[in-house]
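# Descriptive analysis of the structure
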Amino acid sequence: MQQVSIPISDEAIHSLKVGDPVLLSGTMVTGRDAAHKWMVETFIKATRTPIDDDQQVYQEIKPLLDGGVIYHCGPVVSGLDSQEYKFVAAGPTTSTREEPYQGDVMRHFNIKGVIGKGGMGAKTLAACQEVPGVYFHAVGGAASLIAQSVLEVTTVYKLDFGVPEAMWVIRVEDFPAVVTMDAHGSSLHAEIESESRSALEGLLAES
Amino acid sequence: MQDLTEPILELIRLTATNLPPDVEEGLRDALQQEEPGFAARGALETILKNVDMARENSTPICQDTGTPIFYVNYPEGWSTRRMREQIKSAVAQATDKSYLRPNAVDSISGVNSGDNIGDEHFPTIHFEEIEGDELQIDLMLKGGGCENVGAQYSLPNSELGAGRDLAGVRNVALDAVQKAQGKGCAPGILGIAIGGDRGSSFVASKEVLLRQLDDSNPNPEMNDLEQQLTEESNQLGIGPMGFGGKTTVLGTKITSKHRLPASYFVSVSYMCWAYRRRQMVVKNDQVSYQ
Ligand code: SF4
C-alpha cells in the first residue's frame, strides 16, 4: 500500500498506476455538483459575476487546491449547531456528474487528485495527463470507515449550498483509495466497460 | 392509538447503521469468491470493515441515507394520518441525530429542506390495511447512486433481441447491469418487475427488494430466471465497485404485475451493497425489530 501525501508532487503522480491501492494523508476539499458549477461559472468561464463571499472563498481555496485534492463527497456532519463540525459518514459520491467541469477545474487550480466513485470520462482523463493528476476511487458506501480517517474539519465554505454540497476542508490520515485513472492515459473504467460490453454481446448472442 | 414516534426513530437508526444479516452474509460469501491481492477483494474487505464499524459506533453505513421508503401494513383501527405525522417527526429527529443526512431538495429552487421532510412523497410512505392484529412497518433506505442506474425497458426491444417473454426480460436486465457498471456501488441486488404501467412497475421493482436475499421465488420459472440472472451478471466481469471481478450481483428478485395488452414494461431497480432494510412489528403494544 502506497502512502501519498497532499500536496502531491508531479513525481509521485507519475509513479501512480491504475490498480495501485493508496493511503492519502493531508488536507483536501470536498466539492460536488454545486461547487463545481460555481467554480466554473464564476471564475473559470466567468459567465456569472461574483457576489457575496465568492471572491473571498476563491482566494482561500486557491492555495488549498494548488497541488491538492478534491473529494466528491456529501458527508453527514454533526455539530452543525455548535459549529464543532465532525464527519460522521463520508463516503464518495458518483463522479460522472462532474465530468463536464472536472478537467477545467483541475487545470485552473492545478488539482493533482480527484477522489470519487464510478470513475470519469475522456475529458478528465485528458486533464490527468496534462496537469498531471490521477483519479482515486474510494469504496462507495464505506462512509463510517472513511469518516474515521478524517482527523479534523478545518473549515467549511459555501454552507448555503446545503450540507452535502458545501465545500468542507478536512485533514485526513490514511484515507484508503485505489488509483483507477492515471496520468499515463490508462483508465480501469474504460477497460472494464469495454470488456463487459463484449461479455454482454456474447451472452446475448447465446439466446 | 399508541404513539410510534420513538419506536420509528429506533427503526430508522437500526436501518441506517446496522446492515441486515442476510446481506452481510452475502457480502462475506462474495469476499471468498475474489482473489487475494486484487482491488475487488480489497473493496469487499473495506465494505465489511465499514459495516462492523457503523454497527459499533451507531453511525450511518453510507452517508447517502437515501430516500426513506416506509411500507406500513396496519390492522383496522389505526389512523394513517397520525402515523404519517409520527413517521415525519421521527425522520426529522433522526436527521437531527445524524442517523440520516438531509436529503430532501426542492427540485425547482434547489433548496435542501434540512430535515428530510419534503412534499407528500418525501419520505415515501405506502399504507396498506391488512387483516390480523399486528402492525408491520418496513423501512428501506435507497441511495441516489444506485437509484440513478435503475432502468425501464418497453418490450419488444430489437436492439437487445428482447421479445415479450422471459428470455426478453433476461436480455434487458443484463443490459441494465452492464450499463450500471460499478456506479450503483456493486455488488448490487436486482429488483425486477415485469408488467404494470410505467409507474406501478417501478414501485413493484422496489417492493420486491423487501424479500430475503437467500429466499426463493414461489414461481419456478421466475425462480430459475433469478438464479440465471445472478450467474450471468457475474460473468460480465464488472466486480465490486466496477474494479473487475467475479461478484457484480449478490442476488436477483423478480415480480410480475398485470399489464395492458399493448404494454410490456420491465423495470429494474438496482440496490447497492448497502442494502438497508429493516422491519418493526407492533403487537399488543409490544414493539420488536427484525
Ligand atoms: S449507491 Fe448505495 S452504497 Fe453507494 S453511495 Fe449510494 S447509497 Fe451509498
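Report on the accompanying structure. (Residues numbered from 1 in each chain as written. Chains lettered and ligands numbered in written order. Predicted model: local features only at pLDDT ≥ 70, side-chain atom pairs only at ≥ 80, totals over all residues. Heavy atoms only, no water.)

## Overview of the sheet that holds strand 8 (residues 276–283) of chain B
Residues and elements named next belong to chain B.
- The sheet built from five strands is open, its strands ordered 2-1-3-8-9 with mixed pairing. Strands at the two margins of the open sheet, each flanked by one partner only, are strand 2 (124–129) and strand 9 (286–289). Across the sheet, the mean angle separating the axes of adjacent strands is 15 degrees when strand polarity is ignored.
- Contacts between helix 1 (residues 5–17) and the sheet are confined to strand 1 (67–74), strand 3 (135–142), strand 8 and strand 9, with strand 8 contributing the most and set at about 155 degrees to the helix.
- The sheet strands contacting helix 7 (residues 198–207) are strand 1, strand 2 and strand 3, and the helix crosses strand 1 at an angle near 85 degrees. (Pairing = 2+ DSSP bridges. Helix = DSSP H or I, 4+ residues; strand = E, 2+ residues; numbered from the N terminus. Axes fitted to C-alpha atoms, helices over the stretch in contact; angles between N-to-C directions. Contact = heavy atoms within 4.5 Å.)

## Focus on the site of the ligand
- Lining the immediate surroundings of the ligand are A:K117, A:G141, B:C62, B:D64, B:G143, B:G145, B:C146, B:G184, B:C185, B:C272, B:A274 and B:R276.
- Near the ligand, the surrounding residues are drawn from chains A and B.
- A breakdown of the residues in the shell around the ligand according to their chemical character gives five nonpolar, four polar and three charged.
- When we break the shell around the ligand down by domain, the ones giving at least three residues each are domain 1 (5–15 + 61–143 + 277–289) and domain 2 (145–271) of chain B. (Near = heavy atom within 4 Å. Nonpolar A, V, L, I, M, F, W, Y, C, P; charged D, E, K, R; others polar. Domains from an automatic or database assignment.)

## Quick word on the interface of chain A and chain B
- Between chain A and chain B, the residue contacts involve 41 residues of the former and 39 residues of the latter.
- Together, the buried faces of chain A and chain B total about 3200 Å²; carbon and sulfur atoms form 64% of this surface.
- Linking chain A with chain B are zero salt bridges, by the criterion used here.
- The interface formed by chain A and chain B contains 17 residue pairs in polar contact (both at pLDDT 80 or more).
- Among the secondary structure elements, those contributing two or more residues to the side of chain A that touches chain B are strand 4 (76–78), strand 5 (86–89), helix 6 (143–148), strand 9 (167–181) and helix 7 (188–206) of chain A.
- The dominant element in the side of chain A that touches chain B, judged by the number of residues it contributes, is helix 7 of chain A, at eleven residues. (Buried area = accessible area lost by both parts, 1.4 Å probe. Salt bridge = Lys/Arg side-chain N within 4 Å of Asp/Glu carboxyl O. Polar contact = N/O pair within 3.5 Å; in protein donor to acceptor, adjacent residues only side chain to side chain.)

## Observations regarding the packing of aromatic side chains
- Following the criterion strictly, the structure yields seven aromatic pairs over all chains and no others.
- Between A:Y58 and A:F109 the ring centres are 5.9 Å apart and the planes differ by 70 degrees, which places this aromatic pair in the edge-to-face class. Of this pair, A:Y58 sits in helix 3 (residues 54–65) while A:F109 sits in helix 4 (residues 99–109), placing them 51 residues apart in sequence. Accessibility assignment for this pair places A:Y58 and A:F109 in one class, buried.
- Ring geometry for B:Y74 versus B:F127: centroids 6.1 Å apart, planes at 85 degrees, classification edge-to-face. (Phe/Tyr/Trp six-rings, centres within 6.5 Å; stacked < 30°, edge-to-face > 60°. Buried < 20%, exposed > 50% of the residue type's maximum accessible area, 1.4 Å probe, protein only.)

## A word on a negative patch on the surface
- On the surface, a cluster of negative charge is made up of B:E76, B:E128, B:E129 and B:E207.
- Within the secondary structure, B:E128 sits in strand 2. (Patch = residues over 30% accessible without salt bridge, like charges linked within 9 Å, V, L, I, M, F, W, Y side chains within 5 Å. Areas by Shrake-Rupley, 256 points an atom, 1.4 Å probe, with all protein chains shown as cover. Lys, Arg positive; Asp, Glu negative; His and termini not counted. Charge placed at Lys NZ, Arg CZ, Asp CG, Glu CD.)

## Regarding the nonpolar core
- Counting 98 residues, the largest nonpolar core has A:F136, A:W168, A:F175 and B:I192 as its most contacted members.
- Composition of this core by domain shows at least three residues from each of domain 1 (5–15 + 61–143 + 277–289) and domain 2 (145–271) of chain B.
- If we ignore the near neighbours within four places in the chain, the residues touching A:F136 are A:I8, A:L16, A:V22, A:L24, A:G113, A:V114, A:I115, A:G116, A:A177, A:V178 and A:V179.
- Counting residues in hydrophobic clusters, the runner-up holds 26 residues, among them A:M39, A:M120, A:C128 and A:Y135. (Core = buried A, V, L, I, M, F, W, Y, C linked by side-chain atoms within 4.5 Å.)

## A few points about the pattern of salt bridges
- One pass over the structure, following the stated rule, counts 28 salt bridges over all chains.
- A salt bridge links A:R48 to A:D54; its shortest N-O distance comes to 3.2 Å.
- For A:D54, a relative accessible area of 1% translates into the label buried.
- Here B:E226 ties to B:R211 by a salt bridge, and the two come within 2.9 Å at their closest N and O atoms. With B:E226 in helix 8 (residues 220–233) and B:R211 in the loop between helix 7 and helix 8, this residue pair connects regions lying 15 residues apart in the sequence.
- Assessed through its relative accessible area of 18%, B:R211 is described here as buried.
- Each of A:K45, A:D104, A:R107 and A:E130 takes part in one network of salt bridges that share partners.

## Quick look at helix 2 (residues 21–33) of chain B
Residues and elements named next belong to chain B.
- Here helix 2 is 13 residues long and its end C-alpha atoms lie 19 Å apart, about the 18 Å a rise of 1.5 Å per residue gives.
- Among the residues of helix 2, those classed as buried are D22, V23, E24, G26, L27, A30 and L31.
- Packed against the buried residues of helix 2 are helix 3 (39–57), strand 6 (249–256) and strand 8. (Expected span 1.5 Å × (residues − 1).)

## Overview of the layout of surface pockets
- In this structure, the largest pocket encloses a volume near 760 Å³.
- Contributing to the lining of the largest pocket are 38 residues, with A:R32, B:D64, B:R101, B:N103 and B:G144 lying nearest its centre.
- Partitioned by chemical class, the residues of the lining of the largest pocket number twelve nonpolar, 15 polar and eleven charged.
- For the lining of the largest pocket, the two domains that each supply at least three residues are domain 1 (5–15 + 61–143 + 277–289) and domain 2 (145–271) of chain B.
- Each pocket or cavity is described by its volume, and for the second largest pocket that value is around 480 Å³.
- Around the second largest pocket, the lining is made up of 22 residues, and of these A:M1, A:L23, A:P176, B:G42 and B:T46 lie nearest the centre.
- Mapped by element, the contributors of at least two residues to the lining of the second largest pocket are strand 2 (21–30), helix 6 and strand 9 of chain A together with helix 3 of chain B.
- Among the elements that make up the lining of the second largest pocket, the one with the highest residue count is helix 3 of chain B (six residues).
- In the lining of the second largest pocket, the residues fall into twelve nonpolar, six polar and four charged. (1 Å grid on protein atoms, 1.4 Å probe; cavity = no way out; pocket = protein on both sides within 12 Å on 5 of 7 lines; lining within 4 Å. Points joined across faces, edges and corners; volume = space filled by probe spheres on them.)

What is shown is where atoms sit, not what they do.
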